[in-house]
Amino acid sequence: MRPISSSIKYAALSLAMVCLSVLSSCGARGNTGASDSAAAQAEAAKADTLNLLFAGDAMQHGPQLKAALRAGGGKDYNYDDCFTLIAPEVKAADYAVANLEVPLGGGPEYRGYPCFSAPDSYAIALREAGFDMMLTANNHCMDSGAKAAKRTCSALDRLGLDHIGTYADSTESARRIPFIKDIKGVKVGFLNYTYGTNGIPVTGGVDVALIDRDRIAREMKKTREAGAELLVVTLHWGVEYNQIENRTQRELAQFMVDNGADLIIGAHPHVVQPMKVVHNARENKDVLIVYSLGNFLSNMNDTNCRGGALVRTRMVRGQDGKMRFDHADYDTFFTAKPEGANKNFRVVPAWMPEYIPAGQKSAYKRFEQSAQKIFDENNVNVSRRHK
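Residues numbered from 1 in each chain as written. Predicted model: local features only at pLDDT ≥ 70, side-chain atom pairs only at ≥ 80, totals over all residues. Heavy atoms only, no water.

Glancing now at the side chain of Gln 60. Note that Gln 60 resides in the loop between strand E1 (49-58) and helix H2 (62-71). Judged by its relative accessible area of 0%, Gln 60 is buried. Reaching out from Gln 60, the side chain makes a polar contact with the side chain of Tyr 79 at a distance of 2.6 Å. Residues contacting Gln 60, with those up to four places away along its chain left out, are Leu 65, Tyr 79, Val 102, Arg 111, Gly 112, Phe 116, Ala 118 and Tyr 122. (Helix = DSSP H or I, 4+ residues; strand = E, 2+ residues; numbered from the N terminus. Buried < 20%, exposed > 50% of the residue type's maximum accessible area, 1.4 Å probe, protein only. Polar contact = N/O pair within 3.5 Å; in protein donor to acceptor, adjacent residues only side chain to side chain. Contact = heavy atoms within 4.5 Å.)

Moving on: unusual backbone geometry. Cis peptide bonds are those with omega within 30 degrees of zero, and the linkage from Gly 107 to Pro 108 qualifies with 10 degrees. Within the secondary structure, Pro 108 is located in the loop between strand E2 (95-100) and helix H4 (120-128). Of note in the backbone geometry, Tyr 241 takes a positive phi value of approximately 75 degrees without being a glycine.

A few words now on the confidence of the model for the protein. For the protein, the average pLDDT comes to 91, and 88% of its residues sit at 70 or higher. Counting interchain partners and residues more than four positions distant, the pLDDT-below-50 stretch residues 1-30 has one contact. (pLDDT = per-residue confidence, 0-100.)

When you tally the buried positions in strand E14 (residues 307-317), you get nine out of 11 residues, the bulk of the element. Note that E1 and E14 share six bridges and pair antiparallel. Its bridge partner being in E14, Thr 49 is matched across the sheet by Val 316. In this structure, E14 lies alongside strand E15 (residues 323-336), joined through 11 bridges in antiparallel fashion. Note on E15: the bridge partner recorded for Thr 313 is Ala 328. Counting the residues between successive antiparallel strands, the hairpin from E14 to E15 contains five residues, one of them, Gly 321, with a positive phi of roughly 90 degrees. (Pairing = 2+ DSSP bridges.)

Printed below as a string of C-alpha cells:
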C-alpha cells in the first residue's frame, strides 16, 4: 500500500473541520431557535389587560381589639367576619393593595390609639380577604419601636404578603427596592413613602421610606431601569380630615407624573379625597391620581371617617406593546360597628345597605352623602361602578 501523501492528509483534515463547523453551526441555530421560541412564548403569555385594586387605611383601635378578642372566645383575636362582604370584590382583582396602618407587635399585649400594636391575625384576615400587598410606610409604623417595625416586616414575609415602605435596615431596603411584581406576566413596580412617623425617632437601623423628591425620583428611575412596565407610587400624605387635597399634594403628584408614574395612590387623611385622571403629554399617556382613599376599617367616629373608598384600575397593552393606565372606577363602603347579631366590626359595601345595622343607618347615609358630594364635584374621569 502506498503511503498517504501529506496533501491528502491536509485535505481530509480540512474536510473534517468543515463538517464539524457545519454541525456546530446547525446546533447553534437550533439552540437559538429554541431560545427565540421560549422568548416568544413568554411575550405571548403577558396579559393584555391587568386589574389592580387599592383600599385605604386598615386601622386597629382599642374597641376593634376588644371585639376581635370576644369573637375569638377570649383566647384569640378573630377577624373572620370583618371582610366577608367586601372580599369577593377584592379577590376579583388581579392584585390588591391596602395600607396596613398598624405594627404587628407580636404581643402578648396589643394596643389601639395613639401607639398601635396589632396581632398577626389581623394581617391574616386581610390576606384571606384577597389582599396581596401591605403598605407599611405611614405615621404609625414606629408606634411600637424598632423591634415591632422589624417584626412587622418578618411577619408579613411569613404570612406570604408582599410589603413595601419600611425595612429592617438599609441592607434590606437595598435588596427590596426596586420592588417589581410579575402579575400575569406584566412587571409592575411599586413604591411607598410617608411624610413622617408622628415625631417618633426612627431607631435601630430601621429604614422608613420618607417623602423626599430626590429619593422618589431616584427610586422611580431605578424601578423603570429594572424592567417595570408599570409604575405605581403610593403615599401617606396630606392633612387629616381635609376632604380636598392641598397644594403640596398636587405639586408632588405632578412631580411624580413628570417622572413617569402610571398610578399615584394616596392615604392618611382618614377621609376620602378626589380622584383625577391627568395626561402626561411627554409620554402620551394618562395617569391616575387618587389623593386619599379614606379608612378601610377603623373605630373612628366622625361622619367622614366612618368609611372610605376602593379604586379599581384597568391597565391595557397598546398596539405598541406598552402597558398603560386605561380606566378607573370606585365604590364606597362603611365600617359597621358591633351591634345586635354583629359581634365584630365589618366593612359593608355601599351597594349592600341591607347589612348596615339599624342603629347606624343614619350615620351611613351621612357618610355616603358627604363622600358622594366630594367625588361628584371634584373627580375627573373616575366614576362610581355601583350606582
